[in-house]
Amino acid sequence: MSKIIYDAIVVGGGATGTAVFRDLALRGFKVGLIERGDLGSGCTGNSHGNLVGGLRYVVKDPSVARECASENRILREIAPHLISGQDNYWLGRDDNYIRKALAAAKELDVVAELLNLEEVYREIPELALGFQVAVRSADINIDTTGMCRACLNQGLEKLSKNHFGLKGYYPNDTIATLDRREGGEFVVRTQRNWAFSTRTIVNATGAWANSVLELLNSGINLKYNQGTILVQESLSQRGLQLLEKPGDGQAYIVHNGKAWLGTTSTSISHPSEARPEDDAGEVLRGLLGKLLPGVEVRRTEKMFTGVRPLYDGSTEFGDGREVSRDFQIVEMPSGVYTVVGGKMTTARLMAEKTVDSIAQRLGNTEPCITDKVKLPEVK
Ligand SMILES: Cc1cc2nc3c(=O)[nH]c(=O)nc-3n(C[C@H](O)[C@H](O)[C@H](O)COP(=O)(O)OP(=O)(O)OC[C@H]3O[C@@H](n4cnc5c(N)ncnc54)[C@H](O)[C@@H]3O)c2cc1C
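Small disclaimer: the values here were computed from a predicted structure and weren't measured.

So, on to the packing of helix α1 (residues 15-26) against helix α5 (residues 144-162). Two quantities define a packed helix pair, namely the angle between the helix axes and the distance between the axes. Viewed as axis vectors pointing N to C, α1 and α5 meet at an angle of 25°, and their least axial separation amounts to 8 Å. For the element pair α1 / α5, the angle class is roughly parallel. In the crossing of α1 with α5, the sense of the turn from one axis to the other is left-handed. Together, Ala15, Thr18, Ala19, Phe21, Arg22, Ala25 and Leu26 of α1 and Met147, Cys148, Cys151, Leu152, Gln154, Gly155, Leu156, Lys158, Leu159 and Asn162 of α5 make up the contact between the two elements. The residue inventory of the contact of α1 with α5, partitioned by class, reads eleven nonpolar, four polar and two charged.

We now examine the pairing of strand β3 (residues 31-34). Burial along β3 is two-sided: Val31 and Leu33 and Gly32 and Ile34, pointing in opposite directions, are all buried. Pairing analysis gives four bridges linking strand β2 (residues 8-11) to β3, with the strands arranged parallel. In the strand pairing of β3, Ala8 is matched with Val31. As a crossover connection, the stretch from β2 through α1 into β3 is right-handed. Strand direction decides the pairing type here: β3 and strand β10 (residues 169-170), joined by two bridges, are parallel. Each residue of the ladder has a partner; that of Ile34, found in β10, is Tyr170.

Moving on to the packing of aromatic side chains. Using the criterion set out here, one finds five aromatic pairs in the structure. A centroid spacing of 6.4 Å and a plane angle of 85° characterise the contact between Tyr6 and Tyr170, whose relative ring orientation is edge-to-face. Taken together, the residues Tyr6 in the loop between β1 (4-5) and β2 and Tyr170 in strand β10 connect sequence positions 164 residues apart. With respect to burial, Tyr6 and Tyr170 carry one shared label: buried. Here the aromatic rings of Tyr170 and Trp194 are separated by 5.1 Å at their centres, their planes lie at 65°, and the arrangement is edge-to-face. On the criterion of sequence distance, the pair formed by Tyr170 in strand β10 and Trp194 in the loop between β12 (186-190) and β13 (195-198) is long-range, its members being 24 residues apart. The class for Trp194 is partly exposed, based on a relative accessible area of 32%. Within the aromatic cluster, the residues linked to one another by ring pairs are Tyr6, Tyr170, Trp194 and Phe196.

With that settled, the discussion passes to the nonpolar core. Residues Val10, Leu24, Leu178, Ile201 and Ile220 are the most contacted members of the largest nonpolar core, which totals 70 residues. The biggest single contributor to this core is helix α8 (residues 347-362), with seven residues. Of the domains in this structure, domain 1 (4-43 + 145-219 + 316-362) and domain 2 (50-142 + 223-308) are the two that each give at least three residues to this core. Leu24 has contacts with Ala8, Val10, Phe29, Val31, Val355 and Ile358, leaving out every residue within four places of it along the chain. Residues Leu117, Leu230, Leu235 and Val295 belong to the second largest nonpolar core, which totals 23 residues.

Moving on, we come to a positive patch on the surface. Taken together, the side chains of Lys60, Arg99, Lys100 and Lys245 define a basic patch exposed on the protein surface. When you line up the elements, Lys245 lands in the loop between β16 (240-242) and β17 (251-255). Residue classification places Lys245 among the exposed residues on the basis of a relative accessible area of 64%.

Moving on, we get to the domain arrangement of the protein. Domain boundaries in the protein define domain 1 (4-43 + 145-219 + 316-362) and domain 2 (50-142 + 223-308). With 18 residues of domain 1 in contact, the opposing surface of domain 2 contributes 19 residues. Carbon and sulfur atoms make up 68% of the surface buried where domain 1 meets domain 2, a total of about 1,600 Å² over both sides. It is Ala207, Thr345 and Arg348 in domain 1 that bury the most area against domain 2; as a group they hold 34% of the surface buried on that side. On the surface where domain 1 and domain 2 come into contact, there are one salt bridge. Seen at the junction of domain 1 and domain 2, the total is three residue pairs in polar contact (both at pLDDT 80 or more). When contributions to the side of domain 1 that touches domain 2 are tallied by element, the ones reaching two or more residues are α5 and α8. Here the side of domain 1 that touches domain 2 is composed, by residue class, of eight nonpolar, five polar and five charged.

A word on the pattern of salt bridges. Evaluated as defined, the whole model comprises 16 salt bridges. The shortest N-O distance in the salt bridge between Asp87 and Arg76 comes to 2.9 Å. Taken together, the positions of Asp87 in the loop between β5 (83-84) and β6 (89-92) and Arg76 in helix α2 (residues 62-78) put the pair eleven residues apart, joining distant regions of the chain. Its relative accessible area of 16% is what places Asp87 among the buried residues. Residue Arg76 is classed as partly exposed on the basis of its relative accessible area of 30%. Taking the shortest distance from any N to any O, the salt bridge between Lys372 and Asp371 comes out at 3.2 Å. What makes Lys372 exposed here is its relative accessible area of 60%. You can call Asp371 partly exposed: its relative accessible area is 27%. Taken together, the shared-partner salt bridges connect Arg76, Asp87, Glu113 and Arg136 into one network.

Okay, the site of the ligand next. The immediate surroundings of the ligand are formed by 33 residues, with Thr16, Glu35, Thr44, Asn50 and Thr345 found nearest. In the model, an oxygen atom of the ligand is placed 3.5 Å from a nitrogen or oxygen of the Gly49 main chain. Protein contact buries 93% of the 1,000 Å² of open area that the ligand shows by itself. Partitioned by chemical class, the residues of the shell around the ligand number eight nonpolar, 20 polar and five charged.

Definitions and cut-offs
Residues numbered from 1 in each chain as written. Predicted model: local features only at pLDDT ≥ 70, side-chain atom pairs only at ≥ 80, totals over all residues. Heavy atoms only, no water. Axes fitted to C-alpha atoms, helices over the stretch in contact; angles between N-to-C directions. Helix = DSSP H or I, 4+ residues; strand = E, 2+ residues; numbered from the N terminus. Parallel < 35°, antiparallel > 145°, perpendicular 65-115°, else oblique. Left-handed = near helix turned anticlockwise from the far one by under 90°. Contact = heavy atoms within 4.5 Å. Nonpolar A, V, L, I, M, F, W, Y, C, P; charged D, E, K, R; others polar. Buried < 20%, exposed > 50% of the residue type's maximum accessible area, 1.4 Å probe, protein only. Pairing = 2+ DSSP bridges. Right-handed = clockwise from strand over helix to strand, strands pointing away. Phe/Tyr/Trp six-rings, centres within 6.5 Å; stacked < 30°, edge-to-face > 60°. Core = buried A, V, L, I, M, F, W, Y, C linked by side-chain atoms within 4.5 Å. Domains from an automatic or database assignment. Patch = residues over 30% accessible without salt bridge, like charges linked within 9 Å, V, L, I, M, F, W, Y side chains within 5 Å. Areas by Shrake-Rupley, 256 points an atom, 1.4 Å probe, with all protein chains shown as cover. Salt bridge = Lys/Arg side-chain N within 4 Å of Asp/Glu carboxyl O. Lys, Arg positive; Asp, Glu negative; His and termini not counted. Charge placed at Lys NZ, Arg CZ, Asp CG, Glu CD. Buried area = accessible area lost by both parts, 1.4 Å probe. Polar contact = N/O pair within 3.5 Å; in protein donor to acceptor, adjacent residues only side chain to side chain. Near = heavy atom within 4 Å.

As structure tokens, this is what we get:
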């Protein structure tokens, strides 16, 4: 069987994989993307759909807060059509934490605009009593699968201009075998019988990262943490969050009249085990009842669960190269880039860092332009 030659093969069509695909294609690379299901069907499509503004992390993790704030600004510029709803309000009771958070937000250039509390109570009469402060943040809704589709479509359009005839996207398929040959070539065969030759693999399979690395007798030390989101009829038109030390059940995100309450945080031993915890409904209603007491008696319409891959920086097979804080890019073995962690909000940045490394290795000097080029409309 003849092999199609690509500069890079990306595995996984979530926020990360599609952002990497877009960046590689915009820099002129021949790139292919394999997704085993639908775009965004992993953690991306099971997330809160919140374009994070950074306020949650200002005290605990300032560098992540800064990254989120910056990416939030970029996505508002390049993808306004994927953003909807209203900027979230944050409500706080703990004077000490509020003081620290507002000072840190100012220092880090994270949006945290003090509001008139009386006006906020008038706008949202269902709010619990006793809040000391209300703040407007830059957190707002984003269409997560729309973002994946827009990145893919833009990458495909560029690919067809630069490398006419290359298919580029292989949906409902997965890697069946992955062989490493002399001279840094990888041969990829898919379950649908495509065969590719490439010098670069980007493993953007999120919590399933080790299932790809195992094909090369490799692996990284991942732990898995699941988060459950509960959906019910909303009590507010606006997304609301608790301004307190980061923990479970602090976000009430409103999508088209439905409130998404989340999240839990539970260790599991494998992503295939992910399912709502038996007590998730009770826990989330209890925690978010502190924000809006009415949630405790609303009917649960559905619950869903996403899995966060947690990587401690070590590998089972020697030293990988690790970059950054909240997300990690591990090159191991040489030419295979595993990208884990981070947020859907920071996927563009994660892609930029990954593609910078790949470009340097392959001798491509095209600069990253994904922060400037507008994403296309998606149907
Ligand atoms: C409950 C919860 C809520 C969250 N809310 C937010 C939020 O509001 N805002 C935010 O910014 N971040 C949020 N996050 C974090 C965010 O969802 C993730 O950081 C992000 O979605 C990860 O994207 P990804 O592309 O790396 O992984 P995924 O979205 O999991 O994508 C991996 C893809 O790889 C595919 N795949 C797996 N194995 C293979 C294979 N062998 N072959 C081919 N394809 C394969 C999967 O089908 C999947 O599509 C949340 C996380 C959780 C758990």
